[in-house]
Amino acid sequence: MKVESFEDEEVAELLNDSFVSVKVDREERPDVDKVYMTFVQALYGGGGWPLSVFISPDLKPLMGGTYFPPDDKYGRPGFKTILRKVKDAWFSKRDTLVKSGAFAIEQLSEALSASASSKKLPDELSQNALHLCAEQLSQSYDSRYGGFGSAPKFPRPVEIQLMLYHSKKLDDAGNYSESKKGLQMVFFTLQCMARGGIHDHIGGGFHRYSVDERWHVPHFEKMLYDQGQLVNVYLDAFSITNDVFYSSLSHDILDYLRRDMIGPEGEIFSAEDADSAEREDAKKKKEGAFYIWTSQEIDDLLGEHATLFKDHYYVKPLGNCDLSRMSDPQDEFKGKNVLIELTDTSAQAKKYGLPLEKYLDILGECRQKLFDARSRGPRPHLDDKVIVSWNGLAISSLARASKILMGEAEGTKYNFPVVGCDPKEYMTAAEKAASFIRRHLYNEQAHRLEHSFRNGPSKAPGFLDDYAFLISGLLDLYEVGGGIHWLVWATELQNKQDELFLDREGGGYFNTPGEDPSVLLRVKEDHDGAEPSGNSVSAINLIRLASMMTGSKSEYYRQNAEHLLAVFESRLKDMAMAVPLMCCAADMISVPSHKQVVLVGHKSSLEFDKMLAAAHASYDPNRTVIHIDPTDNEEMEIWEDNNSNIALMARNNFAADKVVALVCQNFTCSPAVSDPKSLKALLLKKPS
């Protein structure tokens, strides 16, 4: 639409003659986007981008829609027709238009600020929602190509998170065959995505979504929020299977971020565009130009290994976007190839008479050559905005990777684009990103966040997602061994989030602070889509904080989580599949007591690092890791204030020459252990 309509002179004339045109970056102002997208969805039963909305001077929406071609076609009115009709309606029946817009906003405002009639969910719903969501997702599972639902296929990590969580619950209850079924769906989906064209095999990371059912031809944009969440689900798959296939994908994405998406002060940029120029002198950009290849280009670059590489990645002389009728309906990629793996790697190595390791080395060298070649051409535009919420998701994945990937076997070998590194480097990257936000996007006096940064902070305040996702990232940062100051900052942010967004009477969080009168709706968002909702993440944050604290603080967090979930009772009951992460939160709140792993000792030692890695080695979302050094007075003071049991445990179990671990549940702790193997075994014990 940008090319067809907004670069058309006739359209420009109509717009400039009768309208004030405002272009909104929905990533910078999600609050503004939410108002008008909600209006269009309510009015027309669906929405999407590009979003065009006509509003009155007092900002009330009059009408809107998504894609309009420039002229009438495809059975749709053209943008020029729409502009003329809106202009006529404005001069002939302005009052009716304005009244209906005001009425629509009034109705939406009422509907979207739902309140809870009770302060907590009915007990049976807490567990049923999880089971119901898993059942609904299983019914939509694509057993042929992986994923849930049909084309276009989005990597919606919250679905994977729910299926993993549900499988763990089934396994703990001894229902092994059902648990295994759920895991197989997840693992097959993760494998299909990794082998598909949605995965950038040459430079690492994942594209936005696949237009076809086979994960083959993607919309080539790369978003930070996808990368952060996908690292976490691949890490979870690794911690369940110990299969290096999944850990290598986590490395793949994180190495892409470190190579291409991290700024000089550790800030993490938000996206790379789908379009780029085919050559330096090209006038127009094309979708995917940076990522696609002709067979001849590969021959020229790879020489003797070209045949092996083309066979492995299904590269064909006439192009390979023919796997599905949906892959390239308009022949945009004719003669071009989107790399995809359709064959078993071991079988391919055998076919070429090569040991598997040698075959993988050759593929790695080939990928490096293609990477170097494409790096010399015009890159897609880098959106170097720094968005707090998306950085929160990336901080979480970097932090968790720093410990979970210590579980890889010694000497594990990778090939490009995975560079691999000491997992400590991931921790450094996580802490640098968090420090950047603290330095540039946090007001220490007011305890308030700004939403984004580009050449300085934007004017938009922090929204609910910024607080919730950052708090989640900081809790992960603390739990994998970061300083106590990250936990303190997380609690400060939670207090400020409650002050700005919490509906103390009705329960749950609004998406905006409600201080800007030009933003007409305050919504309590619940949909877990490509990004999780701020309310789902907040519910889990509150449950995690409640499990770390004792007394009135713990009770306060828990009650807020219960009240929040009660707001979305009907959603959990009737449309569980729309809120997978909230279903996990609903189950978490029903768990009688989270498992607490308390590590006591000097934190600078290698032993401490190994014990932390052991504490995070197995998959368990209902586990909290707390670490404490009794010789650190500041840390002891913080725990005395928030959970004196932890301070007492630290004093009673401290030994100068070793690190001691206690695993506690229902206020009962196991005998202390002091080696990683024993701690791992203790954490793998089935609940009684």
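Refer to the structure printed above.
Since this is a predicted model, take the numbers as computed values, not measurements. (Residues numbered from 1 in each chain as written. Predicted model: local features only at pLDDT ≥ 70, side-chain atom pairs only at ≥ 80, totals over all residues. Heavy atoms only, no water.)

1. What about the overall build of the chain?
1) Next: Of regular secondary structure, the chain possesses 25 helices and 17 strands.
2) Next: Over its C-alpha trace the chain gives a radius of gyration of 26 Å, about what one expects of a compact globule, namely 26 Å for 688 residues.
3) Next: For the chain, the spread of C-alpha atoms along the three principal axes comes to 80 × 70 × 50 Å.
4) Next: Accessible surface for the chain amounts to roughly 29900 Å². Of this, 50% is attributable to carbon and sulfur atoms.
5) Next: One way to put it: in the chain the 78 positive side-chain charges average out to a point 2 Å from where the 102 negative ones average out. (Helix = DSSP H or I, 4+ residues; strand = E, 2+ residues; numbered from the N terminus. Rg over C-alpha atoms; globule rule 2.2 N^0.38 Å. Areas by Shrake-Rupley, 256 points an atom, 1.4 Å probe, with all protein chains shown as cover. Lys, Arg positive; Asp, Glu negative; His and termini not counted. Charge placed at Lys NZ, Arg CZ, Asp CG, Glu CD.)

2. Quick word on the layout of surface pockets
1) Next: Each pocket or cavity is described by its volume, and for the second largest pocket that value is around 1100 Å³.
2) Next: Along the walls of the second largest pocket sit 39 residues, with Arg195, Phe245, Glu341, Thr345 and Leu360 positioned nearest its centre.
3) Next: Elements that contribute at least two residues to the lining of the second largest pocket include exactly helix H7 (176-195), helix H9 (244-260), helix H12 (345-351) and helix H13 (356-375).
4) Next: Take the lining of the second largest pocket: its biggest share by element is six residues, from H13. (1 Å grid on protein atoms, 1.4 Å probe; cavity = no way out; pocket = protein on both sides within 12 Å on 5 of 7 lines; lining within 4 Å. Points joined across faces, edges and corners; volume = space filled by probe spheres on them.)

3. Quick look at the sheet that holds strand S15 (residues 623-628)
1) Next: The four strands lie next to each other as S15-S14-S16-S17, forming an open sheet whose pairing is mixed. In the strand order of this sheet, the two ends are held by S15 and strand S17 (668-669), each with one partner.
2) Next: When strand S14 (residues 595-600) meets S15, the two strands line up parallel, connected through six bridges. The residue of S15 that forms the bridge with Gln596 is Thr624. (Pairing = 2+ DSSP bridges.)

4. So, the pattern of salt bridges
1) Next: Summed over the entire model, instances satisfying the criterion amount to 50 salt bridges.
2) Next: Here Arg374 and Asp200 are joined by a salt bridge, their closest N and O atoms 2.7 Å apart. Here Arg374, found in helix H13, pairs with Asp200, found in the loop between H7 and strand S3 (209-210); they are 174 residues apart in sequence, far enough to count as distant.
3) Next: When the shortest N-O distance is used, the salt bridge between Arg544 and Glu479 registers 3.1 Å. Separated by 65 residues along the polypeptide, Arg544 in helix H18 (residues 534-548) and Glu479 in helix H16 (residues 464-479) bring together distant segments of the chain. We note that Arg544, like Glu479, is buried.
4) Next: Connected via shared salt-bridge partners are Asp8, Glu10, Asp71, Lys80 and Arg84. (Salt bridge = Lys/Arg side-chain N within 4 Å of Asp/Glu carboxyl O. Buried < 20%, exposed > 50% of the residue type's maximum accessible area, 1.4 Å probe, protein only.)

5. Things to note about the packing of helix H19 (residues 551-567) against helix H21 (residues 580-590)
1) Next: Where H19 meets H21, the closest approach of the two axes is 11 Å, and the angle between their N-to-C directions is 135°. The pairing of H19 with H21 is recorded here as oblique in orientation. Relative to H21, H19 is oriented so that their crossing is left-handed. Every residue of H21 that contacts H19 at Arg558, Ala561, Glu562, Leu564 and Leu565 is listed here: Met582, Ala585, Ala586 and Ile589.
2) Next: Its residues placed into classes, the contact of H19 with H21 shows seven nonpolar, no polar and two charged. (Axes fitted to C-alpha atoms, helices over the stretch in contact; angles between N-to-C directions. Parallel < 35°, antiparallel > 145°, perpendicular 65-115°, else oblique. Left-handed = near helix turned anticlockwise from the far one by under 90°. Contact = heavy atoms within 4.5 Å. Nonpolar A, V, L, I, M, F, W, Y, C, P; charged D, E, K, R; others polar.)

6. So, the state of the cysteines
1) Next: As enumerated under the stated definition, the model contains one disulfide in all.
2) Next: A sulfur-sulfur separation of 2.1 Å characterises the disulfide bridge that pairs Cys664 with Cys669. Measuring handedness by torsion sign, the sulfur bridge of Cys664 and Cys669 sits at about 100° and is right-handed.
3) Next: We classify Cys664 as buried; its relative accessible area is 4%.
4) Next: Looking at the unpaired Cys583, the closest cysteine sulfur is the one in Cys133, lying at 4.3 Å.
5) Next: A relative accessible area of 0% places Cys583 in the buried class. (Disulfide = S-S within 2.5 Å.)

7. Concerning the pairing of strand S1 (residues 52-55)
1) Next: The alternating pattern of S1 places Ser52 and Phe54 on a buried face, while none of Val53 and Ile55, on the opposite face, is buried.
2) Next: Relative to strand S2 (residues 61-65), S1 is paired through four bridges, and the arrangement is antiparallel. Bridging from a neighbouring strand, Ser52 pairs with Gly65 of S2.
3) Next: Between S1 and S2, which pair antiparallel in sequence order, lie five residues; one of them, Leu59, sits at a positive phi of approximately 75°.

8. Considerations on empty space enclosed by the protein
1) Next: Across all of its chains, the model carries two cavities of 30 Å³ or more by this definition.
2) Next: The calculated volume of the largest cavity comes to roughly 780 Å³.
3) Next: Forming the boundary of the largest cavity are 34 residues, of which Gln161, Arg400, Asp476, Arg544 and Pro621 lie nearest the centre.
4) Next: Elements that contribute at least two residues to the lining of the largest cavity include exactly helix H6 (157-172), helix H8 (224-241), helix H14 (388-404), H16, H18 and H21.
5) Next: The class makeup of the residues in the lining of the largest cavity is 15 nonpolar, 12 polar and seven charged.
6) Next: Within this model, the second largest cavity holds a volume of roughly 80 Å³.
7) Next: Taken together, Gly197, His199, Asp200, His201, Ile202, His207, Phe220, Tyr291, Trp293, Val338, Leu339 and Arg374 form the lining of the second largest cavity.

9. Remarks on the packing of H7 against H9
1) Next: One way to put it is that H7 packs onto H9 with a least axis distance of 11 Å and a crossing angle of 50°. For the element pair H7 / H9, the angle class is oblique. Classified by chirality, the crossing of H9 by H7 is left-handed. Here Phe187, Leu190, Gln191, Ala194 and Arg195 of H7 lie close against H9, whose contacting residues are Phe245, Tyr246 and Leu249.
2) Next: A class-by-class count of the residues in the contact of H7 with H9 yields six nonpolar, one polar and one charged.

10. Some details on helix H15 (residues 424-440)
1) Next: The terminal C-alpha atoms of H15, which comprises 17 residues, lie 24 Å apart, in line with the 24 Å expected from a rise of 1.5 Å per residue.
2) Next: Listed in full, the buried residues belonging to H15 are Tyr426, Met427, Ala429, Ala430, Ala433, Ala434, Phe436 and Ile437. (Expected span 1.5 Å × (residues − 1).)

11. Details of the sheet that holds strand S5 (residues 222-223)
1) Next: One open sheet holds the three strands; their spatial order is S5-S6-S9, and the pairing between them is antiparallel. The outermost strands of the open sheet, each flanked by one partner alone, are S5 and strand S9 (382-383).
2) Next: Across two bridges, strand S6 (residues 271-272) lies against S9 in antiparallel orientation. Bridged to Ala271 within S9 is Asp383.

12. Concerning the side chain of Lys222
1) Next: Here Lys222 lies in strand S5.
2) Next: For Lys222, a relative accessible area of 1% gives the class buried.

13. Some points on a nonpolar patch on the surface
1) Next: Residues Val20, Val22 and Val24 make up a contiguous nonpolar surface patch of roughly 330 Å² in combined accessible area.
2) Next: Within the secondary structure, Val24 sits in the loop between helix H1 (9-18) and helix H2 (30-44).
3) Next: By relative accessible area, Val24 is classed as partly exposed at 43%. (Patch = residues over 30% accessible without salt bridge, like charges linked within 9 Å, V, L, I, M, F, W, Y side chains within 5 Å.)

Shape descriptors only; they carry no functional weight alone.
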